[in-house]
Amino acid sequence: FLNNGALDLVVVDSIARAIDSGYKDRVHRHEAGHFLVAYLVGVLPKAYTLSSWDAVSRFESARIQAGCVFCDSLIQREVQSGKISGKSIDKLVCIAFA
């Protein structure tokens, strides 16, 4: 499943961690922001990953670089139905822009 640019993401992420001592800390702080804002707007974080390699190894997903996985069944049902409420969009935008 390492295709469509996923291998590139893993390689670039790994190189950035090797040559930039502050990169790892910036990623951790960035993802902590998403995690905290999600919690504060009522969307419970289910899991998170802090690197491309972690995403590949834990979630077997090549579409994630680093990030949070949330467990909000209402938003998931709305997305599946194709009708997302303004309240859910507000929550998702707050999380994304954190």
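Remember, predicted model here, so these are calculated numbers, not experimental data.

1. Some points on a nonpolar patch on the surface
And step 1. The grouping of Val79, Ile84, Ile89, Val93 and Phe97 at the surface amounts to a nonpolar patch, some 470 Å² of accessible area in total.
And step 2. Per element, the largest residue contribution to the nonpolar patch is three residues, and it comes from helix H5 (residues 86-97).
And step 3. Within the fold, Val79 resides in helix H4 (residues 73-81).
And step 4. Overall, the relative accessible area of 47% leaves Val79 in the partly exposed class.

2. Concerning helix H2 (residues 23-40)
Helical periodicity: at 3.6 residues per turn, an α-helix aligns residues three or four positions apart in one direction.
And step 1. Over its 18 residues, H2 runs 26 Å from end to end, which matches the ideal 26 Å to within 8%, given 1.5 Å per residue.
And step 2. Taken residue by residue, H2 has Val27, Glu31, His34 and Ala38 as its buried positions. All buried residues of H2 project into a common sector of 50 degrees when viewed along the axis, lining one side. Exposed and oriented more than 90 degrees from the buried face of H2 are Arg29, Tyr39 and Leu40.
And step 3. Gly42 lies just past H2 and shows a positive phi near 95 degrees.

3. A few points about the pattern of salt bridges
And step 1. Scanning the model with the defined rule gives three salt bridges in all.
And step 2. Salt-bridge contacts for Arg17 lead to Asp13; the nearest nitrogen and oxygen are separated by 3.1 Å. With Arg17 and Asp13 both in helix H1 (residues 6-19), this residue pair falls four residues apart, about one helical turn.
And step 3. In this structure Asp13 comes out as buried when scored by relative accessible area, which is 7%.
And step 4. Residue Arg29 pairs with Asp25 through a salt bridge whose shortest N-O separation is 2.9 Å. You can see Arg29 and its partner Asp25 sitting in helix H2, four residues apart, about one turn around the helix.
And step 5. Assessed through its relative accessible area of 40%, Asp25 is described here as partly exposed.

4. Describing the packing of H2 against H5
And step 1. Remark: H2 packs on H5, axes separated minimally by 8 Å, with the N-to-C direction vectors making an angle of 155 degrees. Judged by the angle between their axes, H2 and H5 are roughly antiparallel. As H2 runs across H5, the sense of the crossing is right-handed. Of the residues in H5, those touching H2 at His34, Val37 and Ala38 are Cys94, Ile95 and Ala96.

5. Digging into the environment of Phe97
And step 1. Relative to the helices and strands, Phe97 resides in helix H5.
And step 2. According to the relative accessible area criterion, Phe97 is exposed, its value standing at 72%.
And step 3. With 63 residues separating them along the chain, Phe97 and His34 place their C-alpha atoms 8.0 Å apart.

Cut-offs applied
Residues numbered from 1 in each chain as written. Predicted model: local features only at pLDDT ≥ 70, side-chain atom pairs only at ≥ 80, totals over all residues. Heavy atoms only, no water. Patch = residues over 30% accessible without salt bridge, like charges linked within 9 Å, V, L, I, M, F, W, Y side chains within 5 Å. Areas by Shrake-Rupley, 256 points an atom, 1.4 Å probe, with all protein chains shown as cover. Salt bridge = Lys/Arg side-chain N within 4 Å of Asp/Glu carboxyl O. Helix = DSSP H or I, 4+ residues; strand = E, 2+ residues; numbered from the N terminus. Buried < 20%, exposed > 50% of the residue type's maximum accessible area, 1.4 Å probe, protein only. Expected span 1.5 Å × (residues − 1). Arc of directions from axis to C-beta. Axes fitted to C-alpha atoms, helices over the stretch in contact; angles between N-to-C directions. Parallel < 35°, antiparallel > 145°, perpendicular 65-115°, else oblique. Left-handed = near helix turned anticlockwise from the far one by under 90°. Contact = heavy atoms within 4.5 Å.

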